[in-house]
Structures are given as C-alpha cells and as structure tokens.
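Observations on chain architecture
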Amino acid sequence: MMHHGGDIYRNQVHMDYSVNLNPLGTPADVLSAVREALGRADAYPDLRQEKVREELAATVGGSAESVICGNGASELLMGVARTVMPKKALLFDPCFTGYTHVLDAVGCEVFHHALQEENGFCLTMQDLDALRPGIDMVILSDPVNPTGQALEDGLLDELLMKAKGLGIAVVLDESFLLMSDKAEKGRDNSIELVSRYNGLWIIRSMTKVLAMPGIRMGYAVSGGGNIEALRKQLPEWNLSVTAEAAMRAGIRALSDNAYMDRLLRLLREERGYLVASLRELGFTVYESRTAFLLFRGPKGLYGELLKQGILIRDCSDISGLGEGYYRIAVRGHEENVALIRALGGCKDEA
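Residues numbered from 1 in each chain as written. Predicted model: local features only at pLDDT ≥ 70, side-chain atom pairs only at ≥ 80, totals over all residues. Heavy atoms only, no water.

A short note on the sheet that holds strand S10 (residues 292-296)
Spatially, S9-S10-S13-S12 is the arrangement adopted by the four strands of the open sheet, whose pairing is antiparallel. Taken across any chain shown, the strands that pair with only one partner, and hence form the sheet edges, are strand S9 (284-285) and strand S12 (313-314). Helix H9 (residues 257-280) rests against S9, S10 and strand S13 (325-329) of the sheet, and its axis sits at about 10° to S10. (Pairing = 2+ DSSP bridges. Helix = DSSP H or I, 4+ residues; strand = E, 2+ residues; numbered from the N terminus. Contact = heavy atoms within 4.5 Å. Axes fitted to C-alpha atoms, helices over the stretch in contact; angles between N-to-C directions.)

Structural notes on the environment of His101
On the secondary structure map, His101 appears in helix H4 (residues 98-105). Among the residues examined, His101 registers a relative accessible area of 38% and is labelled partly exposed. Taking the C-alpha atoms as reference points, His101 and Met78, separated by 23 residues in sequence, lie 8.8 Å from one another. (Buried < 20%, exposed > 50% of the residue type's maximum accessible area, 1.4 Å probe, protein only.)

Some thoughts on the sheet that holds strand S2 (residues 67-70)
Taking strand neighbours across the sheet as the criterion, the seven strands line up as S2-S8-S7-S6-S5-S3-S4 in an open arrangement whose pairing is mixed. Pairing within the sheet leaves two strands with one partner each, and these edge strands are S2 and strand S4 (109-114). Between one strand and the next, the sheet's axes are offset by a mean angle of 20°, whatever the strand orientation. Alignment of strand S3 (residues 88-93) against S4, held across six bridges, turns out to be parallel. Opposite Leu91, over in S4, you have His112 as the bridge partner. Across the sheet, helix H3 (residues 73-84) is in contact with S2, strand S5 (137-141), strand S6 (169-173), strand S7 (200-205) and strand S8 (218-222); its angle to S7 comes to roughly 160°. Strand contacts of H4: S3, S4, S5 and S6, with the helix running at about 155° to S5, the strand carrying the most contacts.

With respect to the pattern of salt bridges
Here the idea is simple: oppositely charged side chains can pair when their charged atoms come close. All told, the structure shown has 19 salt bridges when counted by the stated rule. A salt bridge links Glu192 to Arg196, with the nearest nitrogen and oxygen atoms 2.6 Å apart. With Glu192 and Arg196 both in helix H6 (residues 190-196) and four residues apart, the pair spans about one turn of that helix. Arg196 sits in the partly exposed class, given a relative accessible area of 37%. A salt bridge links Arg313 to Asp317, with the nearest nitrogen and oxygen atoms 2.9 Å apart. Here Arg313 falls in the buried class, since its relative accessible area comes to 6%. Exposure remark for Asp317: the relative accessible area of 31% places this residue in the partly exposed category. Connected via shared salt-bridge partners are Asp181, Arg271, Arg279, Glu287 and Arg289. (Salt bridge = Lys/Arg side-chain N within 4 Å of Asp/Glu carboxyl O.)

Considering the packing of aromatic side chains
Per the stated rule, a full pass over the model turns up eight aromatic pairs. Arranged with centres 4.8 Å apart and planes meeting at 35°, the rings of Tyr44 and Trp237 form a pair that is tilted. Taken together, the positions of Tyr44 in the loop between helix H1 (28-37) and helix H2 (50-60) and Trp237 in the loop between helix H7 (226-231) and helix H8 (241-254) put the pair 193 residues apart, joining distant regions of the chain. Owing to a relative accessible area of 65%, Tyr44 belongs among the exposed residues under this scheme. (Phe/Tyr/Trp six-rings, centres within 6.5 Å; stacked < 30°, edge-to-face > 60°.)

Printed below as a string of structure tokens:
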C-alpha cells in the first residue's frame with residue numbers, strides 16, 4: 001500500500017502539514033466557477049476537452065494537440081506509463097512513491113539510483129551516469145518531491161540530450177513548478193523542450209496551486225503524436241465538468257502577475273522562517289525551492305505530533321530516506337508558528 005500525505009480519514013487531525021497546497025487558498029473566481037459548473041452536472045463533459053486544451057495551449061505555447069487534461073497528475077503518469085510500456089525504468093532516490101506504483105502497474109523493472117545526502121540530495125552531472133543502455137524510461141520531478149530541490153537548467157538539458165541518444169523516454173513531473181522559485185522567471189519553456197525531444201513528457205498538477213486536491217486536475221504536454229497516443233490510454237470523459245471549470249478559471253487566475261507575485265513572496269518568506277526555526281531547534285533541514293521542506297529529526301516525531309492532532313508526512317517509506325525524515329508544508333505564518341511551537345514541545349519532551 002502506498003503512503004501519501006493528507007490521510008485525514010484514518011487520523012484525528014485539526015492541523016494538516018502533510019499536503020502541500022497554495023497557502024493563499026483557492027482563488028475566489030475558481031470556487032465560483034466550480035459552483036456554477038454543478039448546474040451542468042446533468043450533462044456529460046466535453047469528450048475532447050476542446051476549450052480547456054485551447055486555453056492551456058495559449059498558456060504553454062503550441063497547439064491544443066500538444067496538451068491533454070487528466071483526473072490529476074497521477075492519472076496522467078499512469079497513462080504515460082501505459083503508452084510507453086517501459087521494461088526497465090530509472091528513478092533517482094529520494095523521489096515520490098507514486099512513481100514506483102505507476103511502474104509496478106505496467107510490470108516494469110525499477111532501478112534506483114541513490115542521490116548523495118552530502119549534496120543535499122541534489123541531482124548532479126555525475127548522477128547522469130545512471131542513464132545507460134537498456135533503460136526505457138526515467139521519471140523525475142522539478143521541483144523534486146520530497147526534497148524541494150530544483151533542477152538546474154543546464155543539468156536538465158544534459159539529461160535530455162543523453163536520454164535522447166539512448167532512446168530513453170523522460171517523464172518530467174512539474175506538479176509544484178508554479179509554487180517554486182522557477183515560476184518567478186515568468187517563462188514556460190515546456191513547448192520548446194518537447195519540440196526538441198520527442199521522448200519528453202511533461203506532467204503538471206493544478207490541484208496544488210489551486211488548493212483543491214478534492215477536485216483532481218492535471219495536464220500533460222508532449223510533442224509529435226504522443227498526446228493522441230496518451231489519449232487512447234485514458235478513460236473517456238476523464239475530466240469532470242467541475243474539474244474543467246476549475247482549470248479554466250485557474251488558468252485565468254494564475255495569469256495574474258500580482259497574484260503570483262504575492263504567492264511566491266509568501267512562500268519564500270515563510271519557507272525562510274521555517275528553515276531558520278527548524279535549524280534553531282537542532283533539526284537538519286534541506287534546501288527547498290518550493291512549498292514544502294524536508295528535514296531530519298527525532299524518530300517518533302510523527303506519532304508525537306499526531307497525538308496533538310497535527311499531521312506531517314513521515315518519509316520513512318521513501319527509498320533513500322528512512323526513519324527520522326519528515327516533510328512539512330509551507331503554510332501561512334500563524335500556522336507555521338503553531339507548528340514550530342509544537343515541534344519544540346516534542347523536542348523538549350524527548
């Protein structure tokens with residue numbers, strides 16, 4: 001069984017730091033769009049997703065044929081795996097546990113390459129030696145889940161060139177891109193990348209940045225005939241009328257530069273507060289460029305916080321980590337202060 005954050009159904013939780021959502025909450029216009037869409041619940045959604053695909057294409061560049069929407073990034077990851085059907089795949093650890101789930105589902109043999117903790121679990125040029133003949137697919141994320149590290153542009157280019165030469169499909173999970181420092185650059189080079197490398201699949205989630213994990217939203221970007229091939233591996237009507245409405249309203253909301261500046265400034269400031277506070281408590285904290293932090297602390301910390309109704313992500317099940325590693329969301333200041341206070345209390349009792 002996979003373990004994720006957000007398990008409020010089997011725990012008594014009043015403060016959830018295990019899921020990494022936009023700390024500003026759901027934009028009001030997006031909520032309004034979802035409510036309005038409920039009035040269309042008696043009709044099937046658009047099988048071809050024409051309007052939302054056109055609006056996404058206008059955002060990322062290219063044509064509507066280069067993008068497709070899904071019931072969250074997870075459905076699209078599974079769809080890509082079923083499209084490519086790799087026999088052998090490479091993962092750089094630590095990484096999102098969902099990747100192993102996807103690869104196991106298609107009967108793929110998984111090879112793990114451990115990133116070095118002394119490098120902050122950052123992917124380096126030396127790690128690219130793990131790409132070798134016989135590997136069919138590599139899945140990685142930017143920013144990386146669970147570390148929060150961002151991939152250097154030059155490193156990503158080198159990885160793509162090496163993968164292209166070896167005939168390796170690359171799945172780049174950018175689920176947290178819009179809540180990362182890279183979003184401050186104000187550019188989207190996904191179409192440029194997939195036009196240069198036909199074996200590249202870019203997957204993005206909108207549930208995180210719109211703070212609506214209960215309404216599953218994501219999209220894939222790829223070149224050539226990849227998107228049409230992927231569409232054949234997805235269920236028909238896989239995007240509900242509420243999800244489509246949320247995505248279309250979300251595209252508009254996220255194009256507001258003032259809103260995005262406010263979000264990224266809040267994340268940067270609160271991430272800095274959490275890093276400093278955690279280190280003051282004596283925990284080891286790894287550098288992050290997005291809406292969550294990985295840190296190492298006492299074993300049993302997850303259980304102690306849960307007794308107080310506070311949920312964090314226990315990373316002991318993640319390959320490359322183990323007991324004592326935890327991931328927390330960057331939330332609003334008052335909530336972050338409350339978490340630090342609770343962590344301090346747990347440490348004092350230890």
